[in-house]
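# Structure at a glance
Below are the chains, spelled out letter by letter.
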Amino acid sequence: MKPIAFSREETAAITGRLQTYFRDELELDLGALPAEMLLDFLGREIGPFFYNRGLYDAQAVVAAKAEDISEAIAGLERS
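First, a word on scope: everything that follows refers to the structure included in this document. This structure is a prediction, so every number in the text was calculated from the model and none was measured.

## So, the environment of A13
Relative to the helices and strands, A13 is located in helix α1 (residues 8–26). The exposure class of A13 is partly exposed, given its relative accessible area of 44%. Residues A13 and L28, 15 residues apart in the sequence, show an inter-C-alpha distance of 18 Å.

And the structure:
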C-alpha cells in the first residue's frame, strides 16, 4: 500500500498542532524537525490503525445503505 503523503501545508498544520500540544499539555518545546519526525512515526506506526478503523466504519455505512436499498426494492414488488 502506498504511504500517506501530506502536502507542505498539511504537514505544517499537523506539526503546528503537535508543537502546541507538547507545549500546552506536556510543557515541552518540540522543534519543527522533531515534530515532523513524530508525524512520520505516528503515520507509519499508528496511522494504519486509524485508517483501518475508518475503512471498517465506511464499510458499515455502505452495508447499512445497501440494506436500505434492498428493502426499498423489495417494497416495490407487486403481488
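## Some details on the packing of α1 against helix α2 (residues 32–75)
Packing of α1 against α2 brings their axes to within 9 Å, and their N-to-C directions diverge by 105°. On the basis of the axis angle, α1 is roughly perpendicular to α2. Contacts between α1 and α2 involve T11, I14, T15, L18, Q19 and F22 from the first element and A32, A35, E36, L38, L39 and L42 from the second. Its residues assigned to classes, the contact of α1 with α2 comprises 8 nonpolar, 3 polar and 1 charged.

About the thresholds
- Residues numbered from 1 in each chain as written.
- Predicted model: local features only at pLDDT ≥ 70, side-chain atom pairs only at ≥ 80, totals over all residues.
- Heavy atoms only, no water.
- Helix = DSSP H or I, 4+ residues; strand = E, 2+ residues; numbered from the N terminus.
- Buried < 20%, exposed > 50% of the residue type's maximum accessible area, 1.4 Å probe, protein only.
- Axes fitted to C-alpha atoms, helices over the stretch in contact; angles between N-to-C directions.
- Parallel < 35°, antiparallel > 145°, perpendicular 65-115°, else oblique.
- Contact = heavy atoms within 4.5 Å.
- Nonpolar A, V, L, I, M, F, W, Y, C, P; charged D, E, K, R; others polar.

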